[in-house]
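Listed below are the residues making up each chain.
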Amino acid sequence: MMKARLNPYRAAPDAMKPMAALDAAIKGSGLEPSLVELVRTRASQINGCAYCIHMHTRDARAQGETEERLYLLAAWHESPLYSERERAALAWTESVTLVAQTHVPDDVYAEVRRHFTERPVWCAPRMPASR
């Protein structure tokens, strides 16, 4: 079992509240949980965070992700195992994670827009409660 250097939820609970809110928003977004975990895992690989890679690959497996796809995630560009939608999300993830290097190219943005709406479900205006 991986041991974290510190538990941020214990060390800085108030600072972690926005992270928990973001996680709740993502879970309520309508995005496929398996896709969310692929994206989180890929960003964690790029960032070199062993704790995060361990956590997100475990969560991905719990969502039904296969070992083979997790093993090939770092080389997804060369693997036929990912759908066009997943490829768009992974390209977007890499571009945004490495924004200082990539500046998020227009072609990456155009491809992600083909598969995802600009306004995520959680940002949609709330309808007034019926009376």
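For the structure, check the block above.
Here's a quick rundown of the structure. It should be emphasised that the depicted structure is a prediction, and the values quoted were computed from it without experimental measurement. (Residues numbered from 1 in each chain as written. Predicted model: local features only at pLDDT ≥ 70, side-chain atom pairs only at ≥ 80, totals over all residues. Heavy atoms only, no water.)

**Description of unusual backbone geometry**
Excluding glycine, residues mostly have negative phi values, and the peptide bonds linking residues are mostly trans. For His-103, which is not glycine, the phi torsion reads 60 degrees and is therefore positive. For His-103, the position within the fold is in the loop between α7 (99-102) and α8 (106-115). Notably, Val-104 is not glycine yet its phi reads approximately 45 degrees, a positive angle. Within the secondary structure, Val-104 sits in the loop between α7 and α8. (Helix = DSSP H or I, 4+ residues; strand = E, 2+ residues; numbered from the N terminus.)

**Remarks on the packing of helix α3 (residues 33-47) against helix α4 (residues 50-62)**
Between α3 and α4, whose axes approach to 9 Å, the crossing angle comes to 160 degrees. Between α3 and α4, the crossing angle belongs to the class labelled roughly antiparallel. Crossing angle aside, the handedness with which α3 passes α4 is left-handed. The residues of α4 that touch α3, namely those facing Glu-37, Arg-40, Thr-41, Ser-44 and Gln-45, are Cys-52, Ile-53, His-56, Thr-57, Asp-59 and Ala-60. Its residues assigned to classes, the contact of α3 with α4 shows three nonpolar, five polar and three charged. (Axes fitted to C-alpha atoms, helices over the stretch in contact; angles between N-to-C directions. Parallel < 35°, antiparallel > 145°, perpendicular 65-115°, else oblique. Left-handed = near helix turned anticlockwise from the far one by under 90°. Contact = heavy atoms within 4.5 Å. Nonpolar A, V, L, I, M, F, W, Y, C, P; charged D, E, K, R; others polar.)

**A closer look at the pattern of salt bridges**
Per the stated rule, a full pass over the model turns up 11 salt bridges. Ionic pairing is found between Glu-32 and Arg-85, a salt bridge with its closest N-O pair at 2.8 Å. Of this pair, Glu-32 sits in the loop between α2 (13-27) and α3 while Arg-85 sits in helix α6 (residues 84-97), and the two are 53 residues apart along the sequence. Note that Arg-61 and Glu-67 form a salt bridge whose closest N and O atoms lie 2.4 Å from each other. Within this structure, Asp-23, Lys-27, Glu-37 and Arg-40 form a network of salt bridges that share partners. (Salt bridge = Lys/Arg side-chain N within 4 Å of Asp/Glu carboxyl O.)

**Things to note about the packing of α6 against α8**
It is the contact of α6 with α8, at a shortest axis distance of 9 Å, that shows an interaxial angle of 140 degrees. Between α6 and α8, the crossing angle belongs to the class labelled oblique. Of the two possible hands of crossing, α6 and α8 adopt the one that is left-handed. For the pair α6 and α8, the contacting residues are Glu-84, Arg-85, Ala-88, Ala-91, Trp-92 and Ser-95 in the first and Val-108, Tyr-109, Glu-111, Val-112, Arg-114 and His-115 in the second. Each residue belonging to the contact of α6 with α8 can be placed in one class, and the counts come to six nonpolar, two polar and four charged.

**Structural notes on the nonpolar core**
Soluble globular proteins tend to pack their nonpolar side chains together in the buried interior. Residues Leu-38, Ala-60, Leu-70, Leu-73, Trp-76, Tyr-82 and Leu-90 constitute the largest nonpolar core, which totals seven residues. Ignoring any residue separated from it by four or fewer positions in sequence, one finds Trp-76 in contact with Arg-42, Tyr-82, Arg-87, Leu-90, Ala-91 and Glu-94. Counting five residues, the second largest nonpolar core, distinct from the first, contains Leu-35, Ala-88, Ala-89 and Val-112. (Core = buried A, V, L, I, M, F, W, Y, C linked by side-chain atoms within 4.5 Å. Buried < 20%, exposed > 50% of the residue type's maximum accessible area, 1.4 Å probe, protein only.)

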